[in-house]
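Take a look at the letters that make up each chain.
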Amino acid sequence: MATTDRSASDLKEWDELATAAATNAPDLPQTEIPRAALVKLRDEMRELVIQRNLHQANKQQVSQRIAKIHEEGSKLATVLRVLAKQHYGNRSDKLVEFGIPPFRGRAKKAAPTTQPPTPTGPNPTTPNTPTPPAAK
């Protein structure tokens, strides 16, 4: 993550500045108050980065556990439904309590609509007489 790299680089930079200010305190006495404030912020930042990393690790573990529980729970729910069907039968209205629709049989196919019979003979609109040969 970009924020992790920034935090790490800021902490390193702040360490170097605080060390340099402490080393040169006799020459720069006016740096003592800002240096102390920077050291305090640096320590708080380190603690927060540690907490954030811990929360990220915990979040990943929790997500993995949720996925595992979901998988196991789905299997157990399937087992309960199968046992209910086995005990009550697949047509029982008691299955509704388990979220299972009772089997009501297959839907009957609709009877095909009767269409008028098609004529099998010659088409009455076309003449049945042969056409004379074309003249040369």
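Please refer to the structure higher up on the page.
Because the structure is predicted, anything quoted here is derived from the model rather than measured. (Residues numbered from 1 in each chain as written. Predicted model: local features only at pLDDT ≥ 70, side-chain atom pairs only at ≥ 80, totals over all residues. Heavy atoms only, no water.)

Student: Tell me about the overall build of the protein, and please be specific about residues and values.
Tutor: Within the protein, the regular secondary structure consists of 2 helices and 0 strands. Here the protein holds 136 residues, and the buried ones make up 10% of them. In the protein, the share of contacts with a sequence separation of at least 24, taken over all contacts with a separation of at least 6, comes to 36%. Surface exposure of the protein reaches about 12,100 Å², of which carbon and sulfur atoms provide 61%. (Helix = DSSP H or I, 4+ residues; strand = E, 2+ residues; numbered from the N terminus. Buried < 20%, exposed > 50% of the residue type's maximum accessible area, 1.4 Å probe, protein only. Contact = heavy atoms within 4.5 Å. Areas by Shrake-Rupley, 256 points an atom, 1.4 Å probe, with all protein chains shown as cover.)

Student: So what's going on with a nonpolar patch on the surface? Which residues, and what values?
Tutor: Taken together, the side chains of Val 79, Leu 80 and Leu 83 present a nonpolar region at the surface, about 270 Å² in accessible area. The topology assignment puts Leu 80 in helix α2 (residues 32-88). A residue is classified by how much of its surface remains accessible, and Leu 80, at 53% relative accessible area, is exposed. (Patch = residues over 30% accessible without salt bridge, like charges linked within 9 Å, V, L, I, M, F, W, Y side chains within 5 Å. Salt bridge = Lys/Arg side-chain N within 4 Å of Asp/Glu carboxyl O.)

Student: Give me the pattern of salt bridges: which residues, what numbers.
Tutor: On inspection of all chains with the given rule, the structure shows 8 salt bridges. Members of the salt-bridge network, linked through shared partners, are Asp 15, Arg 42, Asp 43 and Arg 46.

Student: Got a sec to walk through the packing of aromatic side chains? Specific residues and values, please.
Tutor: For the coordinates displayed, the defined rule picks out 1 aromatic pair. Arranged with centres 6.2 Å apart and planes meeting at 45°, the rings of Tyr 88 and Phe 98 form a pair that is tilted. Here Tyr 88 is found in helix α2, whereas its partner Phe 98 is found in the segment after α2, with 10 residues between them in sequence. With a relative accessible area of 36%, Phe 98 lands in the partly exposed category. (Phe/Tyr/Trp six-rings, centres within 6.5 Å; stacked < 30°, edge-to-face > 60°.)

Student: Outline α2, listing residues and values.
Tutor: Every α-helical turn comprises 3.6 residues, leaving residues that sit three or four positions apart pointing alike. Helix length check: α2 (57 residues) gives 82 Å between terminal C-alpha atoms against 84 Å at 1.5 Å per residue, within 8%. Within the sequence span of α2, burial applies to Val 39, Arg 42, Val 49 and Ala 84. (Expected span 1.5 Å × (residues − 1).)

Student: I'd like to hear about the environment of Ala 37, residue by residue, with values.
Tutor: Counting through the fold element by element, Ala 37 comes out in helix α2. As a C-alpha pair, Ala 37 and Ala 18 span 19 residues in sequence and 9.7 Å in three-dimensional space.

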